[in-house]
Amino acid sequence: MKAKISKFIVPSLKDARKRLTKNTNHIHFKLDEKYLGIGDGKFYHLKTYGCQGNLADSEKISGILESVGYKKTDSDEKADLIIFNTCAIRENAENRVFGELGRIKSLKESNPQLIMGLCGCMAQEEKVVDLIKKKYPQVDIVFGTHNIHNLPEYLENCYSNQGRVFEVYSIEGDIVEDVPVRRDHNKKAWVNIMYGCDEFCTYCIVPYTRGKERSRLPEDIIKEVEQLANEGYIEITLLGQNVNAYGKDFTDRNYTFADLLKDLNNTNIKRIRFTTSHPRDLDDATIEAMARGGNIMPHLHLPVQSGSNEILKKMNRKYTKEEYLEKIEKLKKAIPSISITTDIIVAFPGESEEDFNETLDLVRKADFEGAYTFIFSPREGTPAAKLEDNLSKEVKKERLLTLNKLINEGYAKGNKRFEGEIVEVLVEGFSDKKDTLTGYTPNNKLVNFVGKEELIGTLVNVKIEKAFSWHLRGKLVE
Ligand code: SAH
Ligand code: SF4
Ligand code: F3S
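Residues numbered from 1 in each chain as written. Chains lettered and ligands numbered in written order. Predicted model: local features only at pLDDT ≥ 70, side-chain atom pairs only at ≥ 80, totals over all residues. Heavy atoms only, no water.

**Points about the site of ligand 2**
Residues in contact with ligand 2, as listed here, are C197, E199, F200, C201, Y203, C204, V206, P207, Q241, H278 and R317. Along the lines of polarity and charge, the residues of the shell around ligand 2 split into seven nonpolar, two polar and two charged. (Near = heavy atom within 4 Å. Nonpolar A, V, L, I, M, F, W, Y, C, P; charged D, E, K, R; others polar.)

**Notes on the packing of helix α3 (residues 91-103) against helix α5 (residues 126-135)**
Helix packing for two helices is described by the angle between their axes and how far apart those axes are. Closest axis-to-axis distance for the α3/α5 pair is 13 Å, and the angle between their directions is 10 degrees. If you check the angle between α3 and α5, you find them roughly parallel. Every residue of α5 that contacts α3 at E94, F98 and L101 is listed here: K127, V128, L131 and I132. The residue makeup of the contact of α3 with α5, split by class, is five nonpolar, no polar and two charged. (Axes fitted to C-alpha atoms, helices over the stretch in contact; angles between N-to-C directions. Helix = DSSP H or I, 4+ residues; strand = E, 2+ residues; numbered from the N terminus. Parallel < 35°, antiparallel > 145°, perpendicular 65-115°, else oblique. Contact = heavy atoms within 4.5 Å.)

**Observations regarding the sheet that holds strand β16 (residues 339-346)**
The strand order β15-β16-β17 describes an open sheet built from three strands, whose pairing is parallel. Each end of this open sheet is capped by a strand with a single partner; those strands are β15 (299-301) and β17 (371-375). Within the sheet, the average angular offset between the axes of one strand and its neighbour, ignoring direction, is 10 degrees. Pairing of β15 with β16, which is carried by three bridges, proceeds in the parallel orientation. Along β16, the bridge assignment pairs H301 with T341. (Pairing = 2+ DSSP bridges.)

**What about the site of ligand 3?**
Around ligand 3, the surrounding shell consists of C51, N54, C87, A88, I89, C121, V206, R210 and Q241. Its residues assigned to classes, the shell around ligand 3 shows six nonpolar, two polar and one charged. In terms of domain composition, the shell around ligand 3 takes at least three residues from each of domain 1 (5-167) and domain 2 (185-297). (Domains from an automatic or database assignment.)

**Let's talk about helix α9 (residues 257-265)**
Three or more residues of α9 are buried, namely F257, A258, L260, L261, L264 and N265. Axial view of α9: buried residues confined to an arc of 160 degrees, hence all on one face. Buried positions along α9 lie against α8 (218-230), β13 (235-239), β14 (271-275) and α10 (284-291). (Buried < 20%, exposed > 50% of the residue type's maximum accessible area, 1.4 Å probe, protein only. Arc of directions from axis to C-beta.)

**Details of the sheet that holds strand β22 (residues 472-476)**
Spatially, the five strands close up into a barrel ordered β18-β19-β20-β22-β21, and their pairing is mixed. Each strand of the sheet is rotated relative to its neighbour by a mean of 50 degrees, with strand direction disregarded. When strand β21 (residues 459-467) meets β22, the two strands line up antiparallel, connected through five bridges. Looking at β22, one finds that K463 is bridged to K475.

**Brief notes about the domain arrangement of the protein**
Here the domain parsing of the protein yields domain 1 (5-167), domain 2 (185-297) and domain 3 (422-476). Counting residues at the interface gives nine residues for domain 2, matched by eleven residues for domain 3. Taken together, both faces of the contact between domain 2 and domain 3 bury some 750 Å²; the carbon and sulfur share is 54%. Looking at the side of domain 2 facing domain 3, the largest losses of area belong to I234, R271 and R273, adding up to 55% of the total buried there. The interface formed by domain 2 and domain 3 holds two salt bridges in total. Where E428 meets K188, a salt bridge forms, and the shortest distance between an N and an O atom there is 2.7 Å. Summed over the shared surface of domain 2 and domain 3, the number is five residue pairs in polar contact (both at pLDDT 80 or more). By residue class, the composition of the side of domain 2 that touches domain 3 is two nonpolar, one polar and six charged. (Buried area = accessible area lost by both parts, 1.4 Å probe. Salt bridge = Lys/Arg side-chain N within 4 Å of Asp/Glu carboxyl O. Polar contact = N/O pair within 3.5 Å; in protein donor to acceptor, adjacent residues only side chain to side chain.)

**Description of the nonpolar core**
One finds L238 and L331 to be the most contacted residues of the largest nonpolar core, which totals 56 residues. With sequence-adjacent residues up to four places away left out, L331 is seen in contact with L282, I287, M290, L300, L302, I338 and I340. Grouped together as the second largest cluster of nonpolar side chains are 31 residues, M116, L118, F166 and I205 included. (Core = buried A, V, L, I, M, F, W, Y, C linked by side-chain atoms within 4.5 Å.)

**Things to note about the environment of W190**
For W190, the location among the structural elements is in strand β10 (residues 188-192). The spatial distance from the C-alpha of W190 to the C-alpha of A56 is 6.1 Å, given a sequence separation of 134 residues. In this structure, W190 is in contact with Q52, L55, A56, E59, R183, E224, T237 and L239, ignoring residues within four places of it in sequence.

**Re unusual backbone geometry**
Cis peptide bonds are those with omega within 30 degrees of zero, and the linkage from T275 to T276 qualifies with 5 degrees. A positive phi angle is found at D178, which is not glycine, with a value near 65 degrees. Position of D178 among the secondary structure elements: in the loop between β9 (175-177) and β10. One non-glycine residue with positive phi stands out, namely Q305, at about 75 degrees. With respect to the helices and strands, the residue Q305 is situated in the loop between β15 and α11 (309-314). With a relative accessible area of 8%, Q305 lands in the buried category.

**So, the pattern of salt bridges**
Here the structure, examined in full by the defined rule, presents 40 salt bridges. Put simply, R182 and E66 hold a salt bridge, and the shortest N to O gap is 2.8 Å. Residue R182 is located in the loop between β9 and β10, and its partner E66 is located in helix α2 (residues 52-67); the two are separated by 116 residues in the primary sequence. Residue R182 is classed as partly exposed on the basis of its relative accessible area, which comes to 27%.

And the structure:
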């Protein structure tokens, strides 16, 4: 056990809340030669929790580790380095990580050379860092979402036995370009277009853990997408916590998310998706850009969170149920084939039966074809955590069940409309059944069909024969 601490910069949610209007620094990553080879002969196991933003960060962490010599493994026993890239969005996400940290503690007894690291959104919370410092001595390195690119330095620090490293910054954040990336997929890629969030929905920890909204330059994004297309990638997903705010932080140009979609429309990439959209910022220009179609896929994830105007206000979402439904109408008119999915939180503090019924009513009217649904989880440091939680566990669970039943009807209905249609599928691999391939349609529907291995990674046409609740079954059109 390393008692010594060599670096100690810890987070503060209070500092993280501040938003200075300073210009964003664009840093170009360059690996210091002195770190080359520090991972030679060693294996890393990276465990990722949370959203697509974290999956994308993990691909960068892998890229950095592999450029200093480490090789990937999925085995804890084989690993010389285990890193947890964590999520703080709900309490159960955090509990899973603490459970895992406890479970693998004994690995250190059999392998004292093993290094354990923790990064991601949990590392941005002082409460978590404090607990790790005191109760989880098996963790050697804690670093945050703003300093992934310094990982080689922290590893070097551990290898030269200087003690545990805690280095987490509670800042607005920079943009770091040219970080090596080891992508998990060879046909689908994440492309960050912006980082951070300035929305401050009252329940949400993300604006505290990820810094302020800052957009990558369009030329850097377009260059990355063109390169991906040249390397044979078929589909990209543009990532940001609120992609519709893209470009609002530029001081030297007027360039919006709709402009970016238009420019990417002209690249050779075959499929473009994006997540996540904020309903207030989703504008007509974006809807128009989507309506042009082409490589922009007819699927939109538009988190609504609640159907009650009272609750939406308490959540600081800055739109009403009626405004949300109006946007849905516009979208359906402009892109008749669109599939819309959403996120909903039930049992926000003070949610009455009536409020909940408003949510059910909105779900019926919006015709969602899928949703992620959650029970409100208080996050320390956010305004909603201070509100009185007036509902029993039973009521919360019951509301979630009632909502999920309705959402599942939407899934089934959304699948049913493709029966008899011919759809294009990006083939991802075999399903659980031998001989059966699986992949996604433009509307993001899962399709299973019988086909040969060589189709994996290609776009094929499939005629849909039958719709089930969670997938479609079809036949290859040859
Ligand atoms: N930036 C995205 C998603 C953020 S997190 C957006 O604004 O839509 C993904 C989802 O987690 C949110 O949409 C919300 O539904 C849910 N979520 C966030 N904080 C939560 C909390 N404290 N309790 C329960 N669910 C939460
Ligand atoms: Fe959280 Fe709201 Fe930002 Fe989404 S828009 S990340 S829910 S604060
Ligand atoms: Fe979780 Fe952080 Fe993403 S809290 S949802 S990993 S931005």
